[in-house]
Amino acid sequence: MIITVFVAFVCIYTAAKIWISEERTTVFNKKKIEVKDVKKYNRTCAYLVLGFGFAAEIPLVVMGWFGANIWLSIAMLVLLIVEAYLVTVVYSKIEKSMIKQYDERG
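Residues numbered from 1 in each chain as written. Predicted model: local features only at pLDDT ≥ 70, side-chain atom pairs only at ≥ 80, totals over all residues. Heavy atoms only, no water.

Visitor: Kindly report on the packing of helix H1 (residues 2-20) against helix H2 (residues 38-65), identifying the contributing residues and their values.
Guide: Relative to each other, H1 and H2 sit at 175°, their axes nearing to 8 Å. With respect to each other, H1 and H2 are oriented roughly antiparallel. In this structure, H1 uses Ile3, Thr4, Val7, Ala8, Cys11, Ile12, Thr14, Ala15, Ile18 and Trp19 to contact H2, whose residues at the interface are Asn42, Arg43, Cys45, Ala46, Tyr47, Val49, Leu50, Gly53, Glu57, Leu60 and Val61. Here the residues of the contact of H1 with H2 sort into 15 nonpolar, 4 polar and 2 charged. (Axes fitted to C-alpha atoms, helices over the stretch in contact; angles between N-to-C directions. Helix = DSSP H or I, 4+ residues; strand = E, 2+ residues; numbered from the N terminus. Parallel < 35°, antiparallel > 145°, perpendicular 65-115°, else oblique. Contact = heavy atoms within 4.5 Å. Nonpolar A, V, L, I, M, F, W, Y, C, P; charged D, E, K, R; others polar.)

Structural data, given as structure tokens:
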């Protein structure tokens, strides 16, 4: 139960921090990239963090209720890993659409 509350607070705090940031956040991408609209990029990243946090709460709650069942806990852990992978796939598609395209003429 403590982990569930901790994950919720961390996701909400991180999303709020990203949402109010004036500069491009580095939560998903540590390298320097130029985006078309920084606010839109930050808000999209904040939504992704909130979405992952919400989706992660379900397996964590199930693991808390049925903690003695090892197979259910393993299935929920795999579900968390799949959710994290899906967030990175969604982010990569969003990043490609928001990255600033440079003119090929120079």
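Visitor: I'd like a rundown of the packing of H2 against helix H3 (residues 70-98), residues and numbers included.
Guide: Between H2 and H3, the least distance of the axes is 9 Å, while the angle of their chain directions is 170°. Overall, the two elements H2 and H3 adopt an arrangement that is roughly antiparallel. In terms of residue class, the contact of H2 with H3 is built from 21 nonpolar, 2 polar and 2 charged.

Visitor: Talk me through the packing of aromatic side chains; I want residue IDs and the actual numbers.
Guide: Two measures describe an aromatic ring pair: the distance that separates the ring centres and the angle between the ring planes. Under the counting rule described, the total for this entry stands at 2 aromatic pairs. Seen from their ring centres, Trp19 and Tyr47 are 5.4 Å apart, and the 75° between their planes marks the pair as edge-to-face. In this pair, Trp19 is assigned in helix H1 and Tyr47 in helix H2, connecting sequence segments 28 residues apart. Given a relative accessible area of 35%, Trp19 falls into the partly exposed group. (Phe/Tyr/Trp six-rings, centres within 6.5 Å; stacked < 30°, edge-to-face > 60°. Buried < 20%, exposed > 50% of the residue type's maximum accessible area, 1.4 Å probe, protein only.)

Visitor: So, the state of the cysteines: which residues are in play, and what are the values?
Guide: All chains considered together, the criterion is met by 0 disulfides. Free cysteine: Cys11, not disulfide-bonded; nearest cysteine sulfur from Cys45 at 14 Å. When its relative accessible area of 1% is taken as the criterion, Cys45 is described as buried. (Disulfide = S-S within 2.5 Å.)

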